[in-house]
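So the chains spell out like this:
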Amino acid sequence: MRMTDLITKKRDGETLSDTEIKTMISRYVEGSIPDYQMSAFLMATYFQGMTDEESTALAMAMRDSGDVIDLQMLPGIKVDKHSTGGVGDKVTLVLGPLLASQGATFAKMSGRGLGHTGGTVDKLESIPGFRVELSVDEFIRQVQEIGIAVVGQSGDIAPADKKLYALRDVTATVDSIPLIASSIMSKKLASGADAIVLDVKVGHGAFMKDVEDATKLARLMVNIGRLARKHVTAVLTDMDDPLGHAIGNALEVDEAIRTLKGNGPSDLIDVTTTIGAYLLMDAKIESDFEVAKTRLKKALEDHSAYQTFEAFVSAQGGDIEAIRHMERLISKKTVDVLATESGAIESLDALTIGLAAMRLGAGRETKDDVILKDVGIVLKKKRGDAVEKGEPLAVLHVQDQGVDDAYQMVLGAYRISQEPVAFRPLIKSVVRD
Ligand code: URA
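Residues numbered from 1 in each chain as written. Predicted model: local features only at pLDDT ≥ 70, side-chain atom pairs only at ≥ 80, totals over all residues. Heavy atoms only, no water.

**Considerations on the site of the ligand**
Piece 1. Taken together, Tyr-165, Arg-168, Ile-180, Ser-183, Ile-184, Lys-187 and Phe-207 make up the full set of residues adjacent to the ligand.
Piece 2. Within the side chain of Lys-187, one N or O atom sits 2.5 Å away from an oxygen atom of the ligand.
Piece 3. Summarising the interface, the protein chains cover 84% of the accessible area of the ligand, which totals 240 Å² for the free molecule.
Piece 4. Breaking the shell around the ligand down by element, the ones donating at least two residues are helix H8 (159–169) and helix H9 (177–189).
Piece 5. For the shell around the ligand, the element with the highest residue contribution is H9, accounting for four residues.
Piece 6. Across the shell around the ligand, the residue classes tally to four nonpolar, one polar and two charged. (Near = heavy atom within 4 Å. Polar contact = N/O pair within 3.5 Å; in protein donor to acceptor, adjacent residues only side chain to side chain. Areas by Shrake-Rupley, 256 points an atom, 1.4 Å probe, with all protein chains shown as cover. Helix = DSSP H or I, 4+ residues; strand = E, 2+ residues; numbered from the N terminus. Nonpolar A, V, L, I, M, F, W, Y, C, P; charged D, E, K, R; others polar.)

What follows is the structure, given as structure tokens:
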């Protein structure tokens, strides 16, 4: 197999075989295919696309380039979720304990990642003592005992994807639906779960800006899952507005705890219980979607989900007294962002809010940046809310950096209208195998 032949085939719109894709990926990882040839292949793929079978072969070849987690020793159906990333997305913090409280098995590896706030493991690390590194034995024992463990990504998951993603980043080939789908799925297929729900965020604050592209991505990922014998569901959810009210690491843990005690914002509850209901069905714990969703809402209201959260935090070394007093972990230095006119909130640009949180220090731009766990933004007004001039739109929890910039960014993210604001559904559609 010569790489030039594969580039030519893809350039001319032909289909590559599983063997060709597999060989190409293993030779690229071992270094015998140079970046310049892989760049040409990626660009040809960008223009010609891939069949679902090619995307699946690529996802599997990238999965097999590194460690594949084996969760066979855990009984029952293992469930997992993945979000394509959004502002204020703390769904995993609520969903994991919620599902475990209902008998599901949630054994998850989560990322840190670059972005507006840290990833799930950064958020969990805002709890003093919380350990995101567990040995394999500790991880398995904890899941057997309480149904949940969340750890940072260790080992060598899909190294081919890491190498290819870095190349895509500098060759303008990130925005290709088959390449995105196979990249995400390579890591999910390595995660050891039997059933996965993908939360595909759509809107200003998301990777996918429009519903049409997000639907194509969702369909392709579900198909890859089916061809790889995993049960995959994709839920398309709105990310024009941030999810919930809190953006920032400790602030998001605080909002997750409120939600686990039945006092969460309605959008966060809706997204979490929708994803959770599909996973309860996949885990064969419930057979009807509405019954499953109602059951999950009840587990939030009667605090059973919160009790599992305390057991989870305690099992991973976190300080329970600290989570009972989250206000101590959040910066007390605050600045109110005040409305400059009266009206109704017509829109609230999630991306700008996310960037403002990052300016305060809540996220990292490069992998070596240090995150400030106690800073962030609490939105007092969201889409559709009425506001009076001079009323707070949001509260910034700050240290010393970026306060003036963040203030102007948050103010500019709000658009206030004199007209009534139309309803927009939060769950846009579901693609289920
Ligand atoms: N997230 C991923 O993991 N891969 C992509 O290609 C895009 C987003």
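**So, unusual backbone geometry**
Piece 1. The phi angle at Ala-172 is positive, at roughly 55°, despite the residue not being glycine.
Piece 2. Residue Ala-172 is classed as exposed on the basis of its relative accessible area, which comes to 57%.
Piece 3. Located in the positive-phi region is Arg-229, a residue other than glycine, with phi close to 60°. (Buried < 20%, exposed > 50% of the residue type's maximum accessible area, 1.4 Å probe, protein only.)

**A few points about the pairing of strand E1 (residues 78–83)**
Piece 1. Counting buried residues along E1, five of its six residues qualify, which places the element largely inside the surrounding structure.
Piece 2. Note: E1 against strand E2 (residues 105–110), two bridges, orientation parallel. Paired with Val-79 across the two strands is Phe-106, which belongs to E2.
Piece 3. Considered for its hand, the β-α-β crossover made up of E1, helix H5 (residues 91–101) and E2 is right-handed.
Piece 4. Alignment of E1 against strand E4 (residues 195–202), held across five bridges, turns out to be parallel. In the sheet register, Ser-83 faces E4, and the bridge partner there is Asp-199. (Pairing = 2+ DSSP bridges. Right-handed = clockwise from strand over helix to strand, strands pointing away.)

**Considerations on the layout of surface pockets**
Piece 1. Of the pockets and cavities examined, the second largest pocket occupies roughly 460 Å³.
Piece 2. Forming the boundary of the second largest pocket are 19 residues, of which Asp-241, Asp-267, Arg-383, Arg-424 and Leu-426 lie nearest the centre.
Piece 3. Tallying contributions element by element places helix H12 (residues 266–282) first for the lining of the second largest pocket, with three residues.
Piece 4. Looking at the lining of the second largest pocket residue by residue, the classes come out as eight nonpolar, three polar and eight charged.
Piece 5. When residues of the lining of the second largest pocket are assigned to domains, at least three fall in each of domain 2 (78–324) and domain 3 (331–417). (1 Å grid on protein atoms, 1.4 Å probe; cavity = no way out; pocket = protein on both sides within 12 Å on 5 of 7 lines; lining within 4 Å. Points joined across faces, edges and corners; volume = space filled by probe spheres on them. Domains from an automatic or database assignment.)

**Side note on the sheet that holds strand E7 (residues 334–338)**
Piece 1. Overall, antiparallel pairing links the four strands, which are arranged E6-E9-E11-E7 in an open sheet. With one partner strand each, in any of the chains shown, strand E6 (246–247) and E7 form the two edges of the open sheet.
Piece 2. Here helix H17 (residues 403–413) sits on the sheet and contacts E7, strand E9 (376–379) and strand E11 (392–397); the angle it forms with E7, its principal contact strand, is near 30°. (Contact = heavy atoms within 4.5 Å. Axes fitted to C-alpha atoms, helices over the stretch in contact; angles between N-to-C directions.)

**Concerning the packing of helix H11 (residues 249–260) against helix H14 (residues 304–315)**
Piece 1. Two numbers describe how H11 lies on H14: the axes approach to 7 Å, and their chain directions differ by 135°. Our classification of the angle between H11 and H14 gives oblique. Along its contact with H11, which presents Val-253, Ile-257 and Leu-260, the element H14 presents Ala-305, Tyr-306 and Phe-309.
Piece 2. Residue composition of the contact of H11 with H14, grouped by class: six nonpolar, no polar and no charged. (Parallel < 35°, antiparallel > 145°, perpendicular 65-115°, else oblique.)

**Section: the domain arrangement of the chain**
One frequently used descriptor of interface size is the decrease in accessible area upon assembly of the parts.
Piece 1. By the assigned domains, the chain splits into domain 1 (3–49), domain 2 (78–324) and domain 3 (331–417).
Piece 2. One C-alpha centre belongs to domain 1, the other to domain 3; they are set 44 Å apart.

**Considerations on the nonpolar core**
Piece 1. Grouped together as the largest cluster of nonpolar side chains are 84 residues, with contacts concentrated most on Leu-99, Phe-309, Ile-323, Ile-353, Ile-377 and Val-410.
Piece 2. Of the residues forming this core, the biggest block, nine residues, is contributed by H12.
Piece 3. In this structure, this core is formed jointly by two domains, domain 2 (78–324) and domain 3 (331–417), each of which donates at least three residues.
Piece 4. Judged by nonpolar contacts, the second largest core, of 25 residues, contains Ala-181, Ala-214, Ala-234 and Leu-236. (Core = buried A, V, L, I, M, F, W, Y, C linked by side-chain atoms within 4.5 Å.)

**Regarding the sheet that holds E4**
Piece 1. The sheet built from six strands is open, its strands ordered E3-E2-E1-E4-E5-E13 with mixed pairing. Of all the strands in the sheet, the pair left with one neighbour each is strand E3 (148–152) and strand E13 (427–432). Mean inter-strand twist for the sheet, computed between neighbouring axes without regard to direction, equals 20°.
Piece 2. In this fold H9 packs onto E1, E2, E4 and strand E5 (231–238), with an angle of close to 150° to the strand it touches most, E1.

**Topic: empty space enclosed by the protein**
Piece 1. Evaluation of the coordinates by the stated rule reveals one cavity of 30 Å³ or more.
Piece 2. Approximately 30 Å³ is the volume attributed to the largest cavity.
Piece 3. Together, Leu-58, Met-62, Leu-164, Arg-168, Leu-179, Ser-182 and Ser-183 line the largest cavity.
Piece 4. Breaking the lining of the largest cavity down by element, the ones donating at least two residues are helix H4 (52–63), H8 and H9.
Piece 5. Classifying every residue of the lining of the largest cavity by side-chain character gives four nonpolar, two polar and one charged.

**Things to note about the packing of aromatic side chains**
Think of a pair of aromatic rings as described by two things: how far the centres are apart, and how the planes are tilted against each other in angle.
Piece 1. Counted under the stated rule, the structure contains five aromatic pairs.
Piece 2. A ring pair is formed by Tyr-46 and Phe-47, whose centres lie 5.2 Å apart and whose planes are at 80°; its orientation type is edge-to-face.
Piece 3. Taking relative accessible area as the criterion, Phe-47 reaches 65% and is therefore assigned exposed.
Piece 4. A ring pair is formed by Phe-309 and Phe-312, whose centres lie 6.1 Å apart and whose planes are at 65°; its orientation type is edge-to-face. You can see Phe-309 and its partner Phe-312 sitting in helix H14, three residues apart, about one turn around the helix. (Phe/Tyr/Trp six-rings, centres within 6.5 Å; stacked < 30°, edge-to-face > 60°.)

**Comments concerning the environment of Leu-268**
Piece 1. Among the structural elements, Leu-268 can be located in helix H12.
Piece 2. By relative accessible area, which is 0% here, Leu-268 ends up buried.
Piece 3. In the structure, Leu-268 is positioned 234 residues away from Pro-34 in sequence and 45 Å away in space, judged by C-alpha atoms.
Piece 4. Residues within four places of Leu-268 in sequence aside, it is in contact with Lys-90, Val-91, Val-94, Leu-243, Glu-255 and Thr-259.

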